[in-house]
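The chain contents come next:
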Amino acid sequence: MDHIPRVSEVLYVGVCREIGTPTEVTFRRDIWDTGEMIQKPSRLYKGEKEMLSGSQKEGFRFKSSDFDFMKWYPDHKVICEMSQSTFYHPPRHTLIYMDTFDTPPGFARLQLLTPSNREIVISSLLERNNAEYISSSLLRMRLHQSMKGFNPANEGEKLHGPCHNYTYRSIEADVAWCFHSRHWPSPALPWVDRCLIRTWPSRSVLQSITDEGFHLVPIANRQTHENSDLEWRISFSQAEQKLVYYMNHCQFLCYGILKIILKEVISDDLLCSYCMKTILFWRIQESSSTPWLPSTLLQHVWFCFKFLMQCVYTGYLPNFFIPENNMFAGKVVGAQQTFLYQKLERFYEKHVDFLLHSPTIREILTPAVSDPYFVMPTGTIYLKSEIDIDIAFYCESFSCSSRVFVSDFLSNMMHLNIIDQLFSTCQNVVFHDMLISVLVSTSMSLKAQCLFVSKKKRHSNDRSIIHMLGLVSKLGCVSDGLYLALYLYDTGRYQTALTVTDRVKQRLSQPHIMYYNRVNRQRYREVVGGQSMLTKLRKAWARTIVLSEDFTYIEELRLEQEVSTMNGMAFLYLSPLVTIHMLSVLCHYRLGNRSQYLQTLTDLHNLLLYDDGRYVELDNRDLPWQILGICQHVVGDLHAALQSYQESLRQISHHKIHMATETRINLVKSQLRLNSTRTVT
C-alpha cells in the first residue's frame, strides 16, 4: 500500500467519525463518571461499592460494547503485608491477607484474618492448614446462584470467567464480586519502575493509580490443578481505565481499530479485546521514538498486529502489570495456536492491506487506496457537525440519568447533596441533568410518604413536591414539565394539569425541537446554534417520560407498572406526545368536557396509526396502544378499547406488559357481556 502517511490520515479521520471525536469520547466518560460520583455516597451507606468498567465506560459505542460491573464490600480490607493491618480497626473492618507464596504470577490466595459478617463470604470459606481461606470458585458460584433468575428480564444468564453474565435489553453485562486493596501489590512494583523509566504514564497518573490500589476477582489460573479453588486473579481494571483515559485520541483510535480487527477480521475465540488492550499498552510505553499522530496511526496499528503475531507464535502474551503472568497460558496452545498463527500469517503477507478485510475499515479506506491521486478534502468536512455532536450528547446523557431514580428518600438526599456541592462550581449539563432526575425521584418519594403521614404533613409534602416539580419544569428539557402535569392529575387538579400539559404541548410543537435523533436541522441551528449545551437542553430538547418501578405516578397505569416490574423491567417509557394526549383525555373526561376528550382520543389514535417514528418509536408501541385502550376504556368506548388492547398485544413486547393487556381485555369482554345481558333484559 503506497503513500502510507496519506492513507493513515484518511484512516484516522474515518475511524474518528466511526468511533467518536475527542469531544464525544470525553463527554461519554464524563457522563458516566458523574453518575458514579453522585451515587457513591448512597452505595457506601448501603454497605457496598461498585465500579463500572468495560468498553462502554472507556468511551466506545460499538454495538457489541458491554458493561462490566465490579462490586465489593468497602469494609473488607485486603492487605499485602501483615504490617499493613495497623491501618485498620477490627471489628469495624474485616481483614483479608493476600498470600502470593507458591501461586502463579498474577494470582493469590485470600486468607480471612478477622471474622466477616457477610453471608456470601462466610459461605465461601474453606479451611486449609488450620487457616480459613475464601474460595474463589464457591464465591463465584454463590454470586451466580443469587443473581440467576433474580430479574426475569435478564436473558442468557451464565457464568463467564469470574463474572455472572447476562443480556438486558440487548445489552450484555458482566457482574463480578471482588475484593479491593488500597495498597499496591508487590508483584507489580517493577511495573512502577518501568513506568518511571519509560515516562508513560506521567508521574501524576502513576501516583493516582498506585494510590487507588487493585482488586482481586474470583478466578484461578487455567494451569493450576491443586488448590485452584482458592486462587484469585489480581485485577488492575481501575488502573487500566485510568490508562485508557490518559491516552491521546490517536492512541484511543488505535485501540478501537484493534477491536474492529479482532471482531471483523481475525474473529477467533482464542483472543479477546483485553488481549488487544494489553498489546496497545505495551506499544504506547515502548514507542517513544514514534509520535502518535494521524500520519503514523497505520504504522502503530501494523506494529500491534506484528506483536500479536509474535505472541501467538510463542504462546506468550505478557500481562502489562505483571509480565510473568502469561495471558495465553493454557489457552493459546496446540492445534488451535497453530491454526490461529497461520490465519494471522496469511493476513501478514498482505501487509496493511489486510485491513480491507474489515467492512468498517474498507469503507473508510477504499477511496484513498483505489485512487493514487486521492486528496483529502480540507476544512471541516471530516468534523462532525454541531447538531450531530448534540444528538450524541443528548442520547448519552439521557441514557445515564435514569440510573439515579431510587425510591429511598435518604439516598435521594445524598444525591442532592453531592449535586449541590458541585453544581455551583461546575455548570456542567451532566450535573444539571442528574439534578432533574433526582428532583423527580425525590418528589415521588415524598408522594409515597403521603399515605402514612398526618394531614398537615401531607400538605407540607405537597407544597415541596409542587416546588420541586416546578423546578424540573423550569430547569429541565421541554418535555420535563409533564412530571408536574402527571402529579397534578393524580391529585385531582385537572384544570391546572391541563394548563401545564397545554404549555408543554405548545413548546413541543416548535419545529426546532430535538427528540432522539429526529430534528429539523435548519430550524435547530437558527434557534440554538452556537449556544451552550445547557441552553439547548432547556430550549430545544425533549425526552421520553420515565416512570420508575418504585413509584406510582397515576392510578390508570398502576397495573402496567406492576406487571412490567414483575417481569423484570425497571421503567416504563412514555413518548411525550402520547403522555400529553393521555393526560388531556383523562383531565377533560374528569371535567366533563366531552367534545375535547373525544377529539383528543381521535388525535391519539391517528398518531399511532400514521406516525413514522418521529414522535412514537416504532419498536416501542406496546405501551402507547395500551394507553389508548385505557383512555377509551375510561370514557366508556369498550369496543374501541378492545381493539386497542389487541393491537398492543401485536406490538413488540418492549415493556413486557402482556399480562396487563390480557387482564384488561378480559375485563372489557366481561363488561360487554354484562351490557349485552342488560340490553336483552
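Residues numbered from 1 in each chain as written. Predicted model: local features only at pLDDT ≥ 70, side-chain atom pairs only at ≥ 80, totals over all residues. Heavy atoms only, no water.

Looking at the pattern of salt bridges
Short version of the rule: We define a salt bridge as a side-chain nitrogen of Lys or Arg found within 4 Å of a carboxyl oxygen belonging to Asp or Glu. Strands here mean DSSP runs of E at least two residues long; helices mean DSSP runs of H or I at least four residues long; both are numbered from the N terminus. Only protein chains enter the accessibility calculation, which uses a 1.4 Å probe; a residue whose area is less than 20% of its type maximum is buried, one above 50% is exposed, and one in between is partly exposed.
This structure, assessed with the given rule, holds 28 salt bridges. A salt bridge links E396 to R61; its shortest N-O distance comes to 2.5 Å. Here E396, found in helix α14 (residues 386–401), pairs with R61, found in the loop between α3 (55–58) and β2 (67–72); they are 335 residues apart in sequence, far enough to count as distant. Of the residues examined, E396 reaches a relative accessible area of 8% and is grouped as buried. The partner of R650 in a salt bridge is E647, and the shortest N-O contact between them spans 2.8 Å. Taken together, the residues span about one helical turn, with R650 and E647 both in helix α26 (residues 638–650) at a distance of three residues. The class of R650 is exposed, set by a relative accessible area of 58%. Within the structure, one salt-bridge network assembled from shared partners comprises D33, E36 and K57.

Focus: the sheet that holds strand β8 (residues 155–160)
For clarity, the threshold we go by: Whether two strands pair depends on DSSP finding at least two bridges between them. Structural elements are reduced to axes, namely lines fitted to C-alpha atoms, with helices fitted over the stretch in contact, and the angle between N-to-C directions of any two is expressed from 0 to 180 degrees.
The strand order β1-β2-β10-β9-β8 describes an open sheet built from five strands, whose pairing is mixed. In the strand order of this sheet, the two ends are held by β1 (49–53) and β8, each with one partner. Across the sheet, the mean angle separating the axes of adjacent strands is 20° when strand polarity is ignored. Here β8 pairs with strand β9 (residues 163–168) via four bridges, running antiparallel. Among the inter-strand pairings, L159 is bridged to a residue of β9, identified as H164.

Overview of the environment of I466
Operational definition: For this analysis, residues touch if any pair of their heavy atoms sits within 4.5 Å.
Structurally, I466 is set in helix α17 (residues 455–475). Here the alpha-carbon distance between I466 and Y12, two residues 454 residues apart in the chain, equals 51 Å. With sequence-adjacent residues up to four places away left out, I466 is seen in contact with L484, Y487, L488 and R493.

Observations concerning the packing of aromatic side chains
Convention followed: Only Phe, Tyr and Trp rings take part, Trp by its six-membered ring, and two of them pair if their centres are within 6.5 Å. Stacked means planes under 30 degrees apart, edge-to-face means over 60, and tilted covers everything else.
For the structure on display, the rule yields 34 aromatic pairs. Measuring from centroid to centroid gives 5.4 Å for W302 and Y348, while their planes differ by 10°, and the two rings are stacked. Here the residue W302 occupies a position in helix α11 (residues 297–314), and Y348 occupies one in helix α12 (residues 334–349), the gap between them amounting to 46 residues. On the basis of relative accessibility, which here comes to 10%, the residue W302 falls in the buried class. Here F347 and F354 contribute two aromatic rings whose centre-to-centre distance is 6.0 Å and whose plane-to-plane angle is 40°, an arrangement assigned as tilted. Taken together, W184, W191, W200, F236, Y246, F281, W282, F320 and F321 form an aromatic cluster joined through their ring pairs.

Describing the packing of helix α18 (residues 482–490) against helix α23 (residues 576–591)
Note the threshold: Throughout this description, any angle smaller than 35 degrees is read as roughly parallel, any larger than 145 degrees as roughly antiparallel, any in the 65 to 115 degree range as roughly perpendicular, and the remainder as oblique. By definition, any crossing whose near helix is turned counterclockwise from its far helix by less than a right angle is left-handed, and any crossing with a clockwise turn is right-handed. Residues are sorted three ways: Asp, Glu, Lys and Arg are charged, Ala, Val, Leu, Ile, Met, Phe, Trp, Tyr, Cys and Pro are nonpolar, and all the rest, Gly among them, are polar.
Packing of α18 against α23 brings their axes to within 11 Å, and their N-to-C directions diverge by 25°. The orientation of α18 relative to α23 falls into the category roughly parallel. The handedness of the crossing between α18 and α23 comes out as left-handed. Contact residues: L482, A485, L486 and Y489 in α18; P576, T579, I580, M582, L583, L586, C587 and R590 in α23. Residue composition of the contact of α18 with α23, grouped by class: 10 nonpolar, one polar and one charged.

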